[in-house]
Every structure is written in C-alpha cells, then in structure tokens.
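Survey of secondary and tertiary structure
Listed below, chain by chain, are the residues.
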Amino acid sequence: MSIRHGLLALLEAGPRYGSQLRTEFESRTGSTWPLNVGQVYTTLSRLERDGMVTQEGEDEAGHALYVITETGRAELRSWFRTPVDRASPPRDELAIKLAMAVGAPGVDIREVIQSQRHHTIQAMQDYTRLKAQALEAVPTDRDEVAWLLVLEQLIFQTEAEARWLDHCEVRLIRLAMVPGRGGTQPETPPGDPAAGSTPGAVPRATPASAPASASVAAPASSAPSAGSTAD
C-alpha cells in the first residue's frame, strides 16, 4: 500500500495536519488499512525531504499544516497514470503456507485448506453484509463511494481466494491418484475410507449470503456493507 501517494492525494484538496490526514485516509478506505499518527508523520517527513510537500503555517489549534508542492503534484499524477505492478507480487502468506505444507511431516494440507476456506467464506459474507448496508441509501458522499469500491475489491478478492482453495484441493486429489506422487499427497488422502469422506464431500465456496464477523470498519458517515457481485 502506498501511504505516501495516499497522503499526497489528500493534500491535493488543501492543507492538512498529520492526525487530520490519518482520519481522512481511514474514512476514505473504511479503516481497512488503519494508520497510526507515527506512520503519517514519518511519511510526511520523507515527502518533505523529497520536496513533495512543505510545511506552511499552523491552524488555530497550533497544528503544523502541510501542503503539496508542484513536485508532489507531478508525482501524484504519475502514480494515477501508472498501472500497479503485478510482475513482482507481494508475499502472500496463504500461498507460502500451502507451499510449505505440501509434503510437510505431520501436516494434513487438506485440513489447512478447509480451515482457511471456512475463514475466507466468513469474511466474504461479512463484506457482503456491509455492502448491503452501504447500498440501503445510494452513496453520494465521496468517502462513501470510495469505501464501497474498497468493499467490492475485498469481496472479489475473497471470492477468488475461495475458488483458488477449491482448485488446490482438487489438484491434490488428482495428484494423490497418480502413482509415485506420495510426497505431494495430503497426510490423509481425500476419499480414503479411513477418513470417512469422499472427494465430493467438501463444501465448495458459494457467493456470500449469510453474515459473519468482519473486522473492517465503515467510514464515519455510515456503516457500509458488501455483496458478492459489484452492483
């Protein structure tokens, strides 16, 4: 997440002080990625060092105000124009966990997948509920619209993750059926009579409908919600 560019975008609207920037950033993203004041001021110091912002006076309460410079505006415009780089993806803890679980002694990778799928679907249902709440009234406020876009990204992300987990399980089942692939199969192969299950017994991810418990906060103006598809 580019905190520096987020702060530049907020400063484009006018002078702001540190805690004000934190509040507006969290309001715009529904506190999905909370910031602390230390992060904000550290980033502002770096932006000031790089000539992208400068301090310009104080407000009535004595807060130091920051303003964006022309260099900062050029950087912001470049950020908006440049696609997010997907050639070097960030580390994904779940992908790393499953990669390490393959063939690990004492680890039932199928159980790892099922546990994660349950959590992912719960999160997807939470986001769906939040989106439904957000759409009870047509979002008109800038922060409400921004939060709705973030929610829908979270919904699509969890839907994709649930489908990927389904794919991983099917892949392991197929590999377990190939002779000589003992090192890649789960500790208890799916469909093994001793496990009391069959390959088709594991529930597959379905579009979110029932609520669960999300840890994502809504913007201060409303308590939004989600849906399995973008409306």
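Quantities reported herein were computed from a predicted structural model and do not represent experimental measurements.

All right, on to the overall build of the chain then. When you go through the chain residue by residue, the secondary structure sums to 7 helices and 2 strands. Starting at the N terminus and walking to the C terminus, you meet the elements of the chain as α-α-α-β-β-α-α-α-α. Sequence-distant contacts, at least 24 apart, represent 70% of the contacts inside the chain between residues at least 6 apart. Roughly 13,300 Å² of accessible area belongs to the chain as shown, and the carbon and sulfur atoms make up 53% of that amount.

L7, L8, L11, L21 and L44 are the most contacted members of the largest nonpolar core, which totals 16 residues. For this core, the secondary structure elements donating two or more residues are helix 1 (3-11), helix 2 (18-29), helix 3 (37-49) and strand 2 (64-68). When residues in this core are grouped by element, the largest group, 5 residues, is from helix 1.

Note that G38 resides in helix 3. Residue G38 is classed as partly exposed on the basis of its relative accessible area, which comes to 42%.

Here the focus is the packing of helix 6 (residues 109-134) against helix 7 (residues 142-176). For any two helices packed against each other, one specifies the inter-axial angle together with the distance between the axes. For the pair helix 6 and helix 7, the least separation of the axes is 9 Å and the interaxial angle reads 155°. Considering the angle they form, helix 6 stands roughly antiparallel to helix 7. The two elements helix 6 and helix 7 meet at a crossing, and its hand is left-handed. Residue composition of the contact of helix 6 with helix 7, by class: 17 nonpolar, 5 polar and 8 charged.

Okay, the packing of aromatic side chains next. For any two aromatic rings, the description comes down to two numbers: the centre-to-centre distance and the angle of the planes. Scanning the entire structure with this criterion turns up 1 aromatic pair. Judged by centre distance (5.1 Å) and plane angle (40°), the rings of W79 and F80 are tilted. Residue F80 is classed as exposed on the basis of its relative accessible area, which comes to 57%.

In terms of residue burial, helix 1 counts as a mostly covered element, since 7 of its 9 residues are buried. All buried positions along helix 1 are accounted for by I3, H5, G6, L7, L8, L10 and L11. On its buried face, helix 1 is in contact with helix 2, helix 3, strand 1 (53-58), strand 2 and helix 4 (70-81).

By secondary structure assignment, the location of Q116 is in helix 6. Assessed through its relative accessible area of 18%, Q116 is described here as buried.

The tally for this structure, following the rule as stated, stands at 11 salt bridges. Residues E70 and R73 are paired through a salt bridge, measuring 3.0 Å at the closest nitrogen-oxygen approach. With a gap of 3 residues between them, E70 and R73 both fall in helix 4, about one helical turn apart. Taking relative accessible area as the criterion, E70 reaches 54% and is therefore assigned exposed.

A few words on the pairing of strand 2. Burial analysis of strand 2 places 4 of its 5 residues in the buried class, the great majority of the element. Sheet topology places strand 1 next to strand 2; 4 bridges connect them, and they run antiparallel. Within the sheet, the bridge partner assigned to T54 lies in strand 2 and is V67.

Definitions and cut-offs
- All residue numbers refer to positions counted from 1 along the written sequence of the respective chain.
- Where totals are concerned, whole chains, interfaces and linings use all residues; where local detail is concerned, this predicted model gives features only for residues with pLDDT of at least 70, and gives and counts side-chain atom pairs only at 80 or more.
- Excluded from the side-chain calculation are hydrogens and water; included are all heavy atoms of the structure.
- Per the convention used, a helix needs a DSSP run of H or I reaching at least four residues, while a strand needs a run of E reaching at least two, with both numbered from the N terminus.
- Working rule for contacts: check all heavy atoms of both residues, and any pair within 4.5 Å makes them a contact.
- What sets the accessible areas is the Shrake-Rupley method with a 1.4 Å probe; for residues, cover comes only from the shown protein chains.
- Working definition of a nonpolar core: buried Ala, Val, Leu, Ile, Met, Phe, Trp, Tyr and Cys residues. They are joined through side-chain atoms within 4.5 Å.
- Per-residue accessibility, obtained with a 1.4 Å probe over protein chains only, is compared with the maximum for each type, and a residue is labelled buried under 20%, exposed over 50%, and partly exposed between these values.
- Inter-axis angles, ranging from 0 to 180 degrees, are taken between N-to-C directions of lines fitted to C-alpha atoms, where helices are fitted over the stretch in contact.
- Reported orientations rely on four angle classes, namely roughly parallel under 35 degrees, roughly antiparallel over 145, roughly perpendicular from 65 to 115, and oblique for the rest.
- Two helices crossing with the near one rotated counterclockwise from the far one by less than a right angle form a left-handed crossing, whereas a clockwise rotation gives a right-handed crossing.
- Each residue gets one of three labels, nonpolar for Ala, Val, Leu, Ile, Met, Phe, Trp, Tyr, Cys and Pro, charged for Asp, Glu, Lys and Arg, and polar for the others, Gly among them.
- Paired rings are identified among Phe, Tyr and Trp, the last through its six-membered ring, by centres lying within 6.5 Å, and are further divided according to the angle between planes into stacked (under 30 degrees), edge-to-face (over 60) and tilted (the rest).
- A side-chain nitrogen of Lys or Arg and a carboxyl oxygen of Asp or Glu constitute a salt bridge if their distance falls within 4 Å.
- Here a strand pair is declared whenever DSSP counts at least two bridges between the two strands.

Read these as geometric descriptors, not functional statements.
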